[in-house]
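Below are the chains, spelled out letter by letter.
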Amino acid sequence: MDNSITQTEPLMPHETIVHEPHEHVFIPQHRHHFETEEQQREAGSFGMWLFLLTEIMFFGGLFFSYLLYRNWYYDAFVPASNFLSVQLGGANTAILITSGFFMALAVWAAEMRKKQFLIWTLVLTMVFGWAFIGIKGVEWHDEWVHHHIPGAAFDISEFVSPSAHGITDQKPIPPDMAQHCQIFFFLYFGMTGMHALHMLIGLGLLLWLLWRAWRGDFTAGYVAPIENFALYWHFVDIIWLFLFPLLYLINRHPLAH
Amino acid sequence: MDHVAHQHEEQHYHDPANVTNPEHASHHIVTPAVYGMVYATLLAFTILTIFAADWNLGVFNPVVALAIACTKAVVVILFFMHVKYQSNLIKMTVASGFFTFIVLITMTLSDYISRAWGLW
């Protein structure tokens, strides 16, 4: 039996079959290993989205913990959640959406090569981002003052006897259940804290992008860093769009059971 | 022309599928008008969700709140994050991420719900 390998076709990998002449456009940001600039751009977006998917899983774990513990300690989650200020939370939602709007405009400015407009939209993105952090700080300080930080100094009295603290719209809960309010605040500080950390990282990156935008890096056809940062910034927005109703809003009409 | 000479020197192999692939042939620039409409929509839904929380809808309060949040998230993903104008590769990537997240939630919840099955 003849085991020798016979070549039946010309041995040509597909890369070498076609080598037709075609035009190369040389632009500084186009890396050698990408065929076209569009391919490079898509590869960048693809990579950024893969990173954001890991972030969905990261925050997803926190959201899932919230779902489970809210089911377990519903009676504690209701008054703890209703302590939060809907006014401040709602204002912060609007502020964050505004910040995202300016970031979206920044991408347009970079695409249209409008340097001044790009710089101003990045500055406004940062201003509204810091405003969000500022209001968040006011809220955290409120909770600090009321001893709502989980731990040894946690004070259950507002939940055990709300009327004694001038809270008229919340029903009193037993002390052992009131201890579980700590779990709500643990998750609240964990989720809003991780969200704020993402924003602070974003605000740091914005400073760097602003400097590069001022240098003119992104208004000569190279918009990828602005575009990919915008994806990150909008993603952080989306996390808050879920945190706001889940932490602030959904417990205002507790179920009787 | 220095770069033309360089081009002939190097062995540059091309996969024509990458050069002519219609998937990433065009690039769409979203206009400020579209961003403005998205911004107004997001603000309107924020006001709506705050008012909806004041109405006593019973078990549907969280459902309505999450439905509004999902609507806002989809608007952000499609327009602010340009997914509407991206290639099928990006669309599938985004969709697969959320799909995987739903699978994980469902599986973990099934475990949680069935732990004490028949013991009550």
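On a predicted model such as this, the values are computed, not experimentally measured, just so you know. (Residues numbered from 1 in each chain as written. Chains lettered and ligands numbered in written order. Predicted model: local features only at pLDDT ≥ 70, side-chain atom pairs only at ≥ 80, totals over all residues. Heavy atoms only, no water.)

Draft legend 1. Summary view of the overall build of chain B. Of the regular secondary structure elements, chain B holds five helices and zero strands. Its helices and strands taken in sequence order, chain B reads α-α-α-α-α from the N to the C terminus. Across the 120 residues in chain B, those meeting the buried criterion constitute 28%. When contacts within chain B are restricted to residue pairs at least 6 apart in sequence, those whose partners lie at least 24 apart make up 53%. (Helix = DSSP H or I, 4+ residues; strand = E, 2+ residues; numbered from the N terminus. Buried < 20%, exposed > 50% of the residue type's maximum accessible area, 1.4 Å probe, protein only. Contact = heavy atoms within 4.5 Å.)

Draft legend 2. Structural detail: the side chain of Thr46 of chain B. For Thr46 of chain B, the position within the fold is in helix H3 (residues 32-54). Beyond its immediate chain neighbours, meaning those up to four positions away, Thr46 of chain B contacts Gly90, Thr93 and Ile97 of chain A together with Lys72 of chain B.

Draft legend 3. Representation of the confidence of the model for chain B in the model. The predicted model of chain B has a mean per-residue pLDDT of 84, with 78% of residues at 70 or higher. The low-confidence segment residues 5-10 of chain B (pLDDT under 50) makes four contacts with residues lying over four places distant or belonging to another chain. (pLDDT = per-residue confidence, 0-100.)

Draft legend 4. Spatial organisation of the interface of chain A and chain B. Each partner contributes residues to the interface: chain A has 59 residues there, and chain B has 62 residues. Interface of chain A and chain B: buried area, both sides summed, is about 5,500 Å²; carbon and sulfur atoms make up 75% of it. Our count for the chain A to chain B interface comes out at zero salt bridges. Run the count over chain A and chain B and you get four residue pairs in polar contact (both at pLDDT 80 or more). Elements with a minimum of two residues in the side of chain A that touches chain B: helix H1 (14-17), helix H2 (37-72), helix H4 (86-111) and helix H9 (224-249) of chain A. Tallying contributions element by element places H2 of chain A first for the side of chain A that touches chain B, with 19 residues. When grouped by side-chain class, the residues that make up the side of chain A that touches chain B number 33 nonpolar, 17 polar and nine charged. (Buried area = accessible area lost by both parts, 1.4 Å probe. Salt bridge = Lys/Arg side-chain N within 4 Å of Asp/Glu carboxyl O. Polar contact = N/O pair within 3.5 Å; in protein donor to acceptor, adjacent residues only side chain to side chain. Nonpolar A, V, L, I, M, F, W, Y, C, P; charged D, E, K, R; others polar.)

Draft legend 5. Expanded view of helix H5 (residues 88-114) of chain B. The end-to-end C-alpha distance of H5 of chain B is 38 Å, a good match for the 39 Å that 27 residues give at a rise of 1.5 Å each. All buried positions along H5 of chain B are accounted for by Ile90, Thr93, Val94 and Gly97 of chain B. Against H2 of chain A together with helix H4 (60-80) of chain B lie the buried residues of H5 of chain B. (Expected span 1.5 Å × (residues − 1).)

Draft legend 6. Summary view of a nonpolar patch on the surface. Nonpolar side chains collect at one region of the surface, where Leu255 of chain A together with Ile47, Phe51, Trp55, Leu57, Val59, Phe60 and Val63 of chain B lie side by side and expose about 780 Å² of accessible area between them. At the level of secondary structure, the elements contributing two or more residues to the nonpolar patch comprise H3 and H4 of chain B. Residue placement: Ile47 of chain B occurs in helix H3. (Patch = residues over 30% accessible without salt bridge, like charges linked within 9 Å, V, L, I, M, F, W, Y side chains within 5 Å. Areas by Shrake-Rupley, 256 points an atom, 1.4 Å probe, with all protein chains shown as cover.)

Draft legend 7. A look at the layout of surface pockets. The space that makes up the largest pocket amounts to roughly 910 Å³. In terms of lining residues, the largest pocket is bounded by 32 residues, among which Phe63 and Phe242 of chain A together with Leu66, Cys70 and Phe101 of chain B are the most central. Secondary structure elements with two or more residues in the lining of the largest pocket: H2 and H9 of chain A together with H4 and H5 of chain B. Here the element with the most residues in the lining of the largest pocket is H2 of chain A; it accounts for 10 residues. Partitioned by chemical class, the residues of the lining of the largest pocket number 28 nonpolar, two polar and two charged. (1 Å grid on protein atoms, 1.4 Å probe; cavity = no way out; pocket = protein on both sides within 12 Å on 5 of 7 lines; lining within 4 Å. Points joined across faces, edges and corners; volume = space filled by probe spheres on them.)

Draft legend 8. Examining the packing of aromatic side chains more closely. Residue and element names in this part refer to chain A. The final tally for this structure, using the stated rule, is 29 aromatic pairs over all chains. Judged by centre distance (5.2 Å) and plane angle (80 degrees), the rings of Phe58 and Phe59 are edge-to-face. Residue Phe59 is classed as buried on the basis of its relative accessible area, which comes to 2%. Plain terms: the ring middles of Phe101 and Phe102 are 5.6 Å apart, the flat faces sit at 50 degrees to each other, and that makes the pair tilted. You'll find Phe101 and Phe102 in the same group, each marked buried. By the ring-pair criterion, three or more aromatic residues cluster together here, those being Tyr66, Phe77, Phe83, Phe154, Phe159, Phe184, Phe185, Tyr188 and Phe189. The side chain of Arg215 reaches across the aromatic face of Trp211, ending 4.5 Å from its centre. (Phe/Tyr/Trp six-rings, centres within 6.5 Å; stacked < 30°, edge-to-face > 60°. Lys NZ or Arg CZ within 6 Å of the ring centre and 35° of its normal.)

Draft legend 9. Representation of the nonpolar core within the structure. Formed by 93 residues in total, the largest nonpolar core has its most connected members in Trp49, Met103, Leu118, Leu122, Phe184 and Phe185 of chain A together with Met81 of chain B. Considering each element in turn, this core owes the most residues, 19 residues, to H9 of chain A. Aside from chain neighbours lying at most four places away, what touches Trp49 of chain A is Leu231 of chain A together with Ile77, Met81, Val83, Ile90, Thr93 and Val94 of chain B. (Core = buried A, V, L, I, M, F, W, Y, C linked by side-chain atoms within 4.5 Å.)

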